[in-house]
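Residue strings, one per chain:
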Amino acid sequence: MSANRPAAVVVLAAGEGTRMKSKTPKVLHEIAGRSLVGHVVSAARELEPEHLVVVVGHAREQVKGHLEAHYAGTRTAVQEEQNGTGHAVRMALEELGQAPDGTVVVVCGDTPLLSGETLKALAGTHAADGNAVTVLTAEVPDSTGYGRIVRDASGAVTEIVEHKDASAEQLAIREINSGVFAFDGKLLAEALGKVRTDNSQGEEYLTDVLSILREAGHRVGASIAGDHREILGINNRVQLAEARALLNQRLLERAMMAGVTVVDPASVFVDVTVTFEADAIVLPGTQLLGATHIAEDAVVGPNSRLKDTRVGKGARVDNTVSDTAVVGEGASVGPYAYLRPGTNLGAKAKAGTYVEMKNATIGEGTKVPHLSYVGDATIGEYTNIGAASVFVNYDGEAKHHTTVGSHCKTGSDNMFVAPVTIGDGAYTAAGSVITKDVPAGALAVARGQQRNIEGWVARKRPGSAAAQAAQVASGDSASES
């Protein structure tokens, strides 16, 4: 095992989070596509610990279910009653069965901005300095309310003084405690057995371990986070929004530094799982969610929301909502299009204005330009679907499939009643309801014969504006009397 690789990481996620005022457990609130505890677990995994244990308590079944569904391999320890952070860590060590031989990193489950790089630096400092405990600290602009880090001349941490207990000199200290620690596993287990509960809350405080170990002659050190905002914990919806904004800024800056153009970062929101290629362009008012990928030279936005969508090289997606779709290289979508799950647009294909697609495969160069619904369908290459066409896929009980071949031209206002197949090179007349297969190269006409009833308006709507207009148009002298 690497000297910097922890024997275990313990994530404290047992609290209720009453200040969130929510039926959802605090650690399951989401920002940027992950739960709060999910962000912490993801950062912890970058350390490649031998064991990763999340301590659960409030709403434990929900939290455990979430971890099992999204973070397989993560162990959980139950803290039946929230008797303090020291007690929570003790429950985690009991879950492991024995005191870990190596470093144990303890993190809070409500710190979504904490990065794997910072945790690696903490573990590295801990190993390099030979500390019994290493505290992750941060230097903040305003340390009001935080525990101050007091050091001796050697740089070792002598104590953590809470704000209310700090002297005037200590109040001037800007280095604060984050609540994140690296411990020697064996010493941690021994010290937890000596933690007392004779405090105002009657709880076992993890911070007491520091003084216990220091009094036993062991060194307590510190590792300073490069960005103090990483240690921010979430206790209410205001802080949740603030963390979301900070994380979003971090993600967009990373994308821009990698060659992505984000025209207005203040109006663009992305999840942590979104990926880009260089020279992609994101226009204002756009949300990119889930496993969305934007390829080179693609332009997305403005005012688009894409979830789990792959946008190919040079494609254009304008004012579009897309969920679990593929937009091929050089394809065009929108404005005002809706791509539902299972949509696959081929290269240079088009889903135009007010077009909705679902479970549809659209061939290369095929166009569905306007005002149409394409559901449960396969369309070949270089076909044109007329305006206001509907693929009628549902009979009230089951969905059925429509197949349209390559190089077809279908008229406007067509209804394709599935299951039905239109052969390659076929045409369909405007206003047709297609209920039977159309052979390749045929013209299908499926509409009633037009019949004009002369004089109907004059007889049925005498004196109306329409009747008067008809009279003028026909040159009837009665219109001049």
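Our structure's up above, just so we're on the same page.
Here goes a summary of the coordinates provided. None of the values given here were measured: they were computed from a predicted structure.

The next point concerns the overall build of the protein chain. Helix and strand counts for the protein chain stand at 10 helices and 39 strands. Relative to the 2.2 N^0.38 estimate, which gives 23 Å for 481 residues, the radius of gyration of the protein chain is 33 Å and therefore markedly larger than a compact globule would have. Taking the principal axes of its C-alpha atoms as reference, the protein chain extends roughly 115 × 55 × 45 Å. Taking all 481 residues of the protein chain together, 46% fall into the buried category.

To continue, consider helix α8 (residues 237-257). The terminal C-alpha atoms of α8 lie 30 Å apart, and with 21 residues this matches the ideal 30 Å at 1.5 Å per residue to within 8%. All of the buried residues along α8 are Leu240, Ala243, Leu247, Asn248, Leu251, Leu252 and Ala255. The arc enclosing the buried residues of α8, seen along the axis, measures out at 165°, which places them on a common side. For α8, the exposed residues set more than 90 degrees away from the buried face come down to Val238 and Met257. If you follow the buried residues of α8, they end up packed against β2 (30-31), α1 (36-45), β12 (261-262), β13 (269-270) and β14 (275-276). Between the side-chain oxygen at the start of α8 and the backbone nitrogen of Val238 there is a gap of 3.0 Å, and the oxygen is on Asn236.

So, about the environment of Thr286. As for its placement among the helices and strands, Thr286 is situated in the loop between β15 (281-282) and β16 (287-289). Here the alpha-carbon distance between Thr286 and Thr353, two residues 67 residues apart in the chain, equals 18 Å. At 2.9 Å, the side chain of Thr286 and the backbone oxygen of Leu283 are in polar contact.

This brings us to the side chain of Thr343. Following the sequence through the fold, Thr343 ends up in strand β26 (residues 343-345). According to the relative accessible area criterion, Thr343 is buried, its value standing at 2%. Within polar-contact distance, the side chain of Thr343 engages the backbone oxygen of Arg340 at 2.9 Å. In terms of polar contacts, Thr343 uses its side chain to reach the backbone carbonyl oxygen of Met357, at 3.2 Å. Discounting residues that sit within four places of it in the chain, Thr343 has contacts with Thr324, Ala325, Val326, Met357, Lys358, Asn359 and Ala360.

Another point: the packing of aromatic side chains. Following the criterion strictly, the structure yields 3 aromatic pairs and no others. A ring pair is formed by Phe181 and Phe183, whose centres lie 5.6 Å apart and whose planes are at 40°; its orientation type is tilted. Judged by its relative accessible area of 2%, Phe181 is buried. Pairing Phe391 with Phe416 gives two aromatic rings, centres 4.9 Å apart and planes at 40°, and the pair type is tilted. Remark: Phe416 occurs in strand β35 (residues 415-417) and Phe391 occurs in strand β32 (residues 390-392); sequence separation between them is 25 residues. For Phe416, a relative accessible area of 0% translates into the label buried. When the ring centre of Tyr394 is taken as reference, the NZ or CZ atom of Lys399 above it lies at 5.6 Å.

If charged atoms from side chains of opposite charge come close, those side chains can pair. Applying the stated rule across the entire model yields 12 salt bridges. Overlapping salt bridges bring together Arg90, Glu94 and Glu204 as one network.

The complete set of buried residues in helix α6 (residues 185-192) reads Gly185, Leu187, Leu188, Ala191 and Leu192. Buried residues of α6, seen end-on, are gathered within an arc of 160° and therefore sit on one face of the element. The inward-facing, buried residues of α6 abut α3 (85-96), β6 (103-108), β10 (175-184) and α7 (208-215). Put simply, Asp184 is the residue that caps the front of α6, since its side-chain oxygen is 3.1 Å from the backbone nitrogen of Lys186.

Right, let's get into the pairing of strand β11 (residues 220-224). The two faces of the sheet receive side chains in turn, since in a regular strand these alternate between them. Most of β11 is tucked away, with 4 of its 5 residues classed as buried. As judged from the 5 bridges shared by strand β7 (residues 133-139) and β11, these two strands associate in the parallel manner. The partner of Val133 across the bridge, within β11, is Val220.

Bringing unusual backbone geometry into the picture now. The step from Gly301 to Pro302 runs through a cis peptide bond, and the omega angle for that step is 0°. Between Ala418 and Pro419 the backbone carries a cis peptide bond, its omega angle lying at 0°. When you line up the elements, Pro419 lands in the loop between β35 and β36 (420-422). The residue Asn303 is not glycine, and still its phi comes out positive at about 55°. The class of Asn303 is partly exposed, set by a relative accessible area of 48%. Of note, the phi angle at Asp413 is positive, near 60°, even though the residue is not glycine. Along the chain, Asp413 turns up in the loop between β34 (409-410) and β35.

So, how was this worked out
- Residues numbered from 1 in each chain as written.
- Predicted model: local features only at pLDDT ≥ 70, side-chain atom pairs only at ≥ 80, totals over all residues.
- Heavy atoms only, no water.
- Helix = DSSP H or I, 4+ residues; strand = E, 2+ residues; numbered from the N terminus.
- Rg over C-alpha atoms; globule rule 2.2 N^0.38 Å.
- Buried < 20%, exposed > 50% of the residue type's maximum accessible area, 1.4 Å probe, protein only.
- Expected span 1.5 Å × (residues − 1).
- Arc of directions from axis to C-beta.
- Contact = heavy atoms within 4.5 Å.
- Polar contact = N/O pair within 3.5 Å; in protein donor to acceptor, adjacent residues only side chain to side chain.
- Phe/Tyr/Trp six-rings, centres within 6.5 Å; stacked < 30°, edge-to-face > 60°.
- Lys NZ or Arg CZ within 6 Å of the ring centre and 35° of its normal.
- Salt bridge = Lys/Arg side-chain N within 4 Å of Asp/Glu carboxyl O.
- Pairing = 2+ DSSP bridges.

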